[in-house]
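Residues per chain, in single letters:
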Amino acid sequence: MEASAKTIKSLGVLCSGGDSPGMNPAVRAVVRTAIGLGIDVFGIYRGYSGLLEGNIRKLSLSSVSNIIQRGGTILDSSRCMEFYASEHRQKAAQILSKNHIDGLIIIGGDGSFTGAMCLNQEHGVPVVGIPGTIDNDISGTEYTIGFNTAVQTATNAVDNIRDTASAHERTFLVEVMGHKSSGIALQVGVCTGAEHVVLSNQPVDYEKITNDIAKGVARGKTSSIIIVAEGEKSGLSYEIKDVLLKHYNLSVHVCILGHIQRGGSPTALDRLVASKMGYAAVHAIHQGQQVHVTAFNKGDVEIVPLSMCLGRRNEIVAPQLELIRALAI
Ligand code: F6P
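How each quantity is defined
- Residues numbered from 1 in each chain as written.
- Predicted model: local features only at pLDDT ≥ 70, side-chain atom pairs only at ≥ 80, totals over all residues.
- Heavy atoms only, no water.
- Buried < 20%, exposed > 50% of the residue type's maximum accessible area, 1.4 Å probe, protein only.
- Helix = DSSP H or I, 4+ residues; strand = E, 2+ residues; numbered from the N terminus.
- Contact = heavy atoms within 4.5 Å.
- Near = heavy atom within 4 Å.
- Polar contact = N/O pair within 3.5 Å; in protein donor to acceptor, adjacent residues only side chain to side chain.
- Areas by Shrake-Rupley, 256 points an atom, 1.4 Å probe, with all protein chains shown as cover.
- Nonpolar A, V, L, I, M, F, W, Y, C, P; charged D, E, K, R; others polar.
- Domains from an automatic or database assignment.
- Pairing = 2+ DSSP bridges.
- Axes fitted to C-alpha atoms, helices over the stretch in contact; angles between N-to-C directions.
- Salt bridge = Lys/Arg side-chain N within 4 Å of Asp/Glu carboxyl O.

Asks: It is not clear to me how helix 6 (residues 183-192) should be interpreted in this structure. Could you clarify?
Replies: The α-helix winds at 3.6 residues per turn, so residues separated by three or four positions along the chain end up facing the same way. Of all ten residues in helix 6, seven are buried; the element is thus mostly enclosed. Every buried residue of helix 6 is accounted for by Gly183, Ile184, Ala185, Leu186, Val188, Gly189 and Thr192. Its buried side turned inward, helix 6 meets helix 5 (147-168), strand 6 (171-176), strand 7 (196-198), strand 8 (224-229) and helix 10 (318-327). After helix 6 finishes, the residue Gly193 shows a positive phi value of roughly 65°.

Written out as structure tokens, the structure reads:
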């Protein structure tokens, strides 16, 4: 399929990978902007899996009414392993063509963008990505939709834990999501006044944890919170708890926040960025951009080549870690 600015008459929009709060405002912005430009919009349900099943419905202005404040995604999402195989991408291109869909907007993370890149390279389908993941870990953009809401949800949860930790003079390990990224852990660490943050895929510094806690207790602290970045699989906190008890004689409680962080009403920031990105994505594809992403850099949305957004971003952890340490003395 070959398309140019002039030939885009209809668009597909899908959400892919882990959902994130803000996907709905993005879908709303895509649909309303496209219809405003005279472009038909088709919702592709359940991500790439739904595309392969032909789970496609035309959307109207009212299809996206009253969703700006809702978490999750009205289009549903999936992690589609089949899409890694070229024969499935060929089938996807045929389904798009059969439905007269000239271009695709993909809301998701780097894995979803890789699928989009292949679809473009192999079949010429114009694609524009909107970064949506709570992990905020995509290269080429400083921000991904959902991160702020996840941080806020986790912050509220840690505040609650702090209350009960103080009442019982306890130490808690609170494990947050983020997969290989420590982004959520670091921001939550700052925002909750955590005593220590365990970073993703880094050795746990047990000596430092026990020293930090002992120092706090000595100066009268009645609770300690250690934020743990989950890393590649959730549950690391239980391993840390066992080591602390066995080798350091330190008893701690564990709370794994889990998927509570992925749900909930998007914050104003996530609604704003999602709305701007949805609007920009449609204009980009309408103006003939073929393989691009709406990125958020230096305070605003810009359009960048999709190739810039395929890998995970190198995390800058030092300044936030230093801040947490400086303020937890
Ligand atoms: O979408 C990102 C994310 O929430 C990660 O933070 C987490 O590690 C992962 O997804 C969990 O995925 P799933 O819901 O498929 O278990």
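Asks: Explain the environment of Gly129 here, please?
Replies: Within the secondary structure, Gly129 is located in strand 5 (residues 127-131). Apart from residues no more than four positions distant in its own chain, Gly129 is found in contact with Ile106, Phe113, His292, Val293 and Thr294.

Asks: It is not clear to me how the site of the ligand should be interpreted in this structure. Could you clarify?
Replies: For the ligand, the full set of nearby residues is Gly18, Arg79, Ile134, Asp135, Met177, Gly178, His179, Glu230, His259 and Arg262. Within the side chain of Arg79, one N or O atom sits 3.0 Å away from an oxygen atom of the ligand. In isolation the ligand offers 400 Å² of accessible surface; the protein chains occlude 72% of this area. Across the shell around the ligand, the residue classes break down as two nonpolar, four polar and four charged. Counting contributing residues per domain, the shell around the ligand is built from domain 1 (10-146 + 266-309) and domain 2 (147-262), each supplying no fewer than three.

Asks: It is not clear to me how the pairing of strand 2 (residues 40-44) should be interpreted in this structure. Could you clarify?
Replies: Look at any regular strand and the pattern is simple: side chains alternate between the two faces of the sheet. Burial within strand 2 is extensive, with four of its five residues counted as buried. The pairing of strand 1 (residues 10-15) with strand 2 spans five bridges and is parallel. Bridge pairing in strand 2 links Leu11 to Val41. The sheet contact formed by strand 2 and strand 3 (residues 56-59) spans four bridges and is antiparallel. Each bridged residue has a counterpart across the sheet, and for Gly43 the counterpart in strand 3 is Arg57.

Asks: Any chance you could explain the sheet that holds strand 6 here in plain terms?
Replies: Strands pair in a sheet through their backbones, by hydrogen bonds, and they do so in one of two ways: parallel or antiparallel. Read from one edge to the other, the open sheet built from four strands follows the order 7-8-6-9, with strand pairing classed as parallel. Edge positions in the sheet fall to strand 7 and strand 9 (253-256), since each has one partner strand and no second. Going across the sheet, the axis of each strand differs from the next one's by a mean of 20°, ignoring polarity. Pairing of strand 6 with strand 9 involves four bridges; the strand directions are parallel. Bridge assignment links Glu175 to a residue of strand 9, and that residue is Ile256. Relative to the sheet, helix 8 (residues 236-248) contacts strand 6, strand 7, strand 8 and strand 9, its axis offset from that of strand 6 by approximately 155°.

Asks: Looking at this model, I keep getting lost on the sheet that holds strand 5. Mind explaining?
Replies: If you trace the seven strands from one edge of the open sheet to the other, you get 3-2-1-4-5-10-11, paired in mixed fashion. Each edge of the sheet is formed by a strand with only one pairing partner; in this case those strands are strand 3 and strand 11 (300-305). Each strand of the sheet is rotated relative to its neighbour by a mean of 25°, with strand direction disregarded. Sitting on the sheet, helix 9 (residues 268-286) is in contact with strand 1, strand 4 (103-108), strand 5, strand 10 (291-297) and strand 11, with an inclination near 170° to strand 5.

Asks: Can you help me understand the pattern of salt bridges in this one?
Replies: Pairs can form between side chains of opposite charge once their charged atoms are near each other. This model, assessed by the stated rule, comprises nine salt bridges. In this structure, the salt-bridge partner of Lys208 is Asp212, at a minimum N-O distance of 2.9 Å. Here the residue Lys208 and the residue Asp212 both occupy positions in helix 7 (residues 206-218), the gap between them amounting to four residues, near one helical turn. Judged by its relative accessible area of 12%, Asp212 falls in the buried class. Ionic pairing is found between Asp300 and Lys276, a salt bridge with its closest N-O pair at 3.2 Å. Of this pair, Asp300 sits in strand 11 while Lys276 sits in helix 9, and the two are 24 residues apart along the sequence. Given the relative accessible area of 38%, Asp300 is considered partly exposed. The structure contains a network of salt bridges with shared partners spanning Arg162, Glu195 and Lys221.

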